[in-house]
Amino acid sequence: MVPILYQVVTSPPCRAVFMLTRAIGLKLELKDVNITEREQLKPEYLKLNPQHTVPLLDDDGFIFWDSHAINVYLINKYTNDSTLYPNDIKKRAIIDQRLHFDSGVAFSVLRRISVGIV
Ligand SMILES: N[C@@H](CCC(=O)N[C@@H](CS)C(=O)NCC(=O)O)C(=O)O
């Protein structure tokens, strides 16, 4: 059973998961979430993710969200290639810093700017 990704094809965090799965050769089942129609706010989706965001991963019943957490999980579970998320603690610390920067700073700033334009 392949992992299921609830996604929006144009969403930057979803694209990050697509890039990672392409890099490690992992197939996903994709389920579109129509956020323009606010499908993410429906009770069925809120039951899966009370934070109502995409991407969300369902890996054989193990359900969680956030592209950064999903990518690290997929690397740990589905590849032995340690180059993407090295075991070396200093290299890993730099990657974690970039992930947290994206999560805590870059994405929210870019979202605020782009929501005003789109
Ligand atoms: N930090 C999250 C951000 C997820 C996020 O905000 N996704 C947007 C689409 S790009 C979303 O789901 N928006 C709908 C909503 O917040 O209700 C991640 O990396 O997965």
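Residues numbered from 1 in each chain as written. Predicted model: local features only at pLDDT ≥ 70, side-chain atom pairs only at ≥ 80, totals over all residues. Heavy atoms only, no water.

1. Digging into the side chain of Asn71
Piece 1. Along the chain, Asn71 falls in helix α3 (residues 67-78).
Piece 2. When near neighbours in sequence (up to four residues on either side) are disregarded, Asn71 contacts Ala16, Val17 and Leu20. (Helix = DSSP H or I, 4+ residues; strand = E, 2+ residues; numbered from the N terminus. Contact = heavy atoms within 4.5 Å.)

2. Description of the packing of aromatic side chains
Piece 1. As enumerated under the stated definition, the model contains four aromatic pairs in all.
Piece 2. Taken together, a centroid distance of 5.4 Å and an interplanar angle of 50° make the contact between Phe62 and Tyr73 tilted. Within this pair, whereas Phe62 is found in strand β4 (residues 62-65), its partner Tyr73 is found in helix α3, the two being separated by eleven residues in sequence.
Piece 3. Residue Phe62 is classed as partly exposed on the basis of its relative accessible area, which comes to 42%.
Piece 4. An angle of 75° between the planes, with centres 5.1 Å apart, marks the rings of Phe64 and Tyr73 as edge-to-face. We note that Phe64, like Tyr73, is buried. (Phe/Tyr/Trp six-rings, centres within 6.5 Å; stacked < 30°, edge-to-face > 60°. Buried < 20%, exposed > 50% of the residue type's maximum accessible area, 1.4 Å probe, protein only.)

3. Quick word on the UniProt feature "domain: GST N-terminal" (unreviewed entry) in the protein chain
Piece 1. Within the UniProt annotation, "domain: GST N-terminal" (unreviewed entry) is assigned to residues 1-82.
Piece 2. Span residues 1-82 is 38% helix and 20% strand, its end C-alpha atoms 24 Å apart. (UniProt positions renumbered as here; feature names shortened; annotations may be inferred.)

4. Some words on the environment of Thr21
Piece 1. Secondary-structure assignment places Thr21 in helix α1 (residues 12-24).
Piece 2. Exposure remark for Thr21: the relative accessible area of 6% places this residue in the buried category.
Piece 3. In sequence terms Thr21 and Leu57 are 36 residues apart; their C-alpha atoms lie 12 Å from each other.
Piece 4. Not counting residues within four places of it along the chain, the set of residues in contact with Thr21 comprises Leu26, Leu28 and Leu74.

5. Some thoughts on the site of the ligand
Piece 1. For the ligand, the full set of nearby residues is Ser11, Pro13, Gln40, His52, Thr53, Val54, Pro55, Asp66, Ser67, His68, Phe107 and Arg111.
Piece 2. Residue Asp66 places a side-chain N or O atom 2.9 Å away from a nitrogen atom belonging to the ligand.
Piece 3. Within the side chain of Arg111, a nitrogen or oxygen atom sits 3.0 Å from an oxygen atom of the ligand.
Piece 4. Of the pockets mapped on this structure, the ligand occupies the largest pocket.
Piece 5. Among the residues forming the shell around the ligand, the class breakdown is four nonpolar, six polar and two charged. (Near = heavy atom within 4 Å. Polar contact = N/O pair within 3.5 Å; in protein donor to acceptor, adjacent residues only side chain to side chain. 1 Å grid on protein atoms, 1.4 Å probe; cavity = no way out; pocket = protein on both sides within 12 Å on 5 of 7 lines; lining within 4 Å. Sits in = over half its atoms within 2 Å of the grid points. Nonpolar A, V, L, I, M, F, W, Y, C, P; charged D, E, K, R; others polar.)

6. Notes on the nonpolar core
Among soluble globular proteins, nonpolar side chains are generally buried collectively.
Piece 1. Ranked by internal contacts, the top residues of the largest apolar core, which has 23 residues, are Leu5, Leu57, Ile70 and Leu74.
Piece 2. Looking at this core, the elements that each hand over two or more residues are β1 (4-7), α1, β3 (56-59) and α3.
Piece 3. Contacts of Ile70, omitting those with residues within four sequence positions, involve Leu5, Val17, Pro55, Leu56, Leu57, Phe64 and Trp65. (Core = buried A, V, L, I, M, F, W, Y, C linked by side-chain atoms within 4.5 Å.)

7. Observations concerning a nonpolar patch on the surface
Piece 1. Together, Phe101, Val105, Val109, Leu110, Ile113 and Ile117 make up an exposed nonpolar region whose accessible area comes to about 570 Å².
Piece 2. Relative to the assigned elements, Leu110 resides in helix α4 (residues 89-117).
Piece 3. Classification of Leu110 as exposed rests on a relative accessible area of 52%. (Patch = residues over 30% accessible without salt bridge, like charges linked within 9 Å, V, L, I, M, F, W, Y side chains within 5 Å. Areas by Shrake-Rupley, 256 points an atom, 1.4 Å probe, with all protein chains shown as cover. Salt bridge = Lys/Arg side-chain N within 4 Å of Asp/Glu carboxyl O.)

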